[in-house]
Amino acid sequence: QVQLVESGGGLVQPGGSLSVSCAASGSIFRIYGMGWYRQAPGKQRELVARISSGGTTNYVDSVKGRFTISRDNAKKMVYLQMNSLKPDDTAVYYCNADVQTIWGTSVSGYWGQGPQVTVAS
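Residues numbered from 1 in each chain as written. Predicted model: local features only at pLDDT ≥ 70, side-chain atom pairs only at ≥ 80, totals over all residues. Heavy atoms only, no water.

Participant: Describe the environment of Ala91, listing the residues and the values that go with them.
Facilitator: On the secondary structure map, Ala91 appears in strand β9 (residues 91-101). The exposure class of Ala91 is buried, given its relative accessible area of 2%. Considered as a pair, Ala91 and Tyr32 are 59 residues apart in the sequence and their alpha carbons are 25 Å apart. (Helix = DSSP H or I, 4+ residues; strand = E, 2+ residues; numbered from the N terminus. Buried < 20%, exposed > 50% of the residue type's maximum accessible area, 1.4 Å probe, protein only.)

Participant: I'd like to hear about the side chain of Gln100, residue by residue, with values.
Facilitator: Relative to the assigned elements, Gln100 resides in strand β9. Of the polar contacts made by the side chain of Gln100, one reaches the side chain of Tyr32; its length is 3.2 Å. Other than its neighbours up to four places away in sequence, Gln100 contacts Ile28, Phe29, Arg30, Tyr32, Thr105, Ser106 and Val107. (Polar contact = N/O pair within 3.5 Å; in protein donor to acceptor, adjacent residues only side chain to side chain. Contact = heavy atoms within 4.5 Å.)

Participant: Tell me about the sheet that holds strand β1 (residues 2-8), and please be specific about residues and values.
Facilitator: The strands making up a sheet associate through backbone hydrogen bonding, with each pair oriented either parallel or antiparallel. Judged by pairing direction, the sheet is antiparallel, and its four strands sit side by side in the order β1-β3-β8-β7 without closing on themselves. Both edges of this open sheet fall to β1 and β7 (67-72), since each of them pairs with a single strand only. Here the strands of the sheet are splayed against their neighbours by 15° on average, with no regard to which way each runs. Looking at chain direction, strand β3 (residues 18-26) and strand β8 (residues 77-82) are connected through six bridges and run antiparallel. Following the sheet pairing, Val20 is matched in β8 by Leu80. (Pairing = 2+ DSSP bridges. Axes fitted to C-alpha atoms, helices over the stretch in contact; angles between N-to-C directions.)

Participant: An account of the nonpolar core is needed here, citing residue identities and associated values.
Facilitator: Judged by nonpolar contacts, the single largest core of 31 residues is most densely connected at Trp36, Leu80, Met82 and Tyr93. Residue assignment for this core shows that the elements contributing at least two residues are β1, β3, β4 (28-39), β5 (46-51), β7, β8, β9 and β11 (116-119). If we skip the residues at most four places from it in the chain, Met82 touches Gly16, Ser17, Leu18, Ser19, Val20, Arg66, Phe67, Tyr93 and Val117. (Core = buried A, V, L, I, M, F, W, Y, C linked by side-chain atoms within 4.5 Å.)

Participant: Would you mind going over the state of the cysteines in detail, with residue names and values included?
Facilitator: According to the stated counting rule, one finds one disulfide in the structure shown. Across the disulfide, Cys22 is cross-linked to Cys95 (sulfur-sulfur distance 2.1 Å). Around the S-S axis, the bridge from Cys22 to Cys95 shows a dihedral of about -80° and counts as left-handed. One end of the pair, Cys22, is in strand β3; the other, Cys95, is in strand β9, and 73 residues separate them in sequence. On the accessibility criterion, Cys22 (0% relative accessible area) is buried. Given a relative accessible area of 0%, Cys95 falls into the buried group. (Disulfide = S-S within 2.5 Å.)

Participant: Tell me about the packing of aromatic side chains, residues and numbers included.
Facilitator: Under the counting rule described, the total for this entry stands at one aromatic pair. Between Tyr37 and Trp111, the ring centres sit 5.0 Å apart and the planes meet at 65°, which makes this aromatic pair edge-to-face. Placement of Tyr37 in strand β4 and of Trp111 in strand β10 (residues 107-111) is noted, with a sequence separation of 74 residues between them. Look at Tyr37 and you get buried, because its relative accessible area is 18%. Its guanidinium or amino end placed over the ring of Tyr94, Arg45 lies 3.7 Å from that ring's centre, counting from NZ or CZ. (Phe/Tyr/Trp six-rings, centres within 6.5 Å; stacked < 30°, edge-to-face > 60°. Lys NZ or Arg CZ within 6 Å of the ring centre and 35° of its normal.)

Okay, here's the thing in C-alpha cells:
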C-alpha cells in the first residue's frame, strides 16, 4: 500500500517559523497532486496549500505570503514552510497525496498522521 509519514511541527511563538515534511512510500507508480490540510479543535479540516506534479501551487487566502509549499518528486516528498505564524495557525497539519499505485490505474487520496503545530507565547 501507500504510506505518508510526516515530520516536523511543534511549538513556536507568534511570528516564528516552522516547517513540516511528508515522505511517501510503498507501492507507488505515480504521485499527482500533494497538499497540506489542517484541522483546529472544533473546526473542519481545511485546505492549506496544494502543489501539482508540475509545481503549480495554490494556497488558502489566510496563509498567502506566509507559507510556502514545495515538493521533490524524486524523493516523493512534500514540504510546507510556515513563516510569520499566528495563533490561528494552531492545528494538526495533515499531508495528502493523490497516488496511482503499481496495482492499477485508479488514483486514490492518502493521508498522513498529522503533526501538531502550536503557535503560542
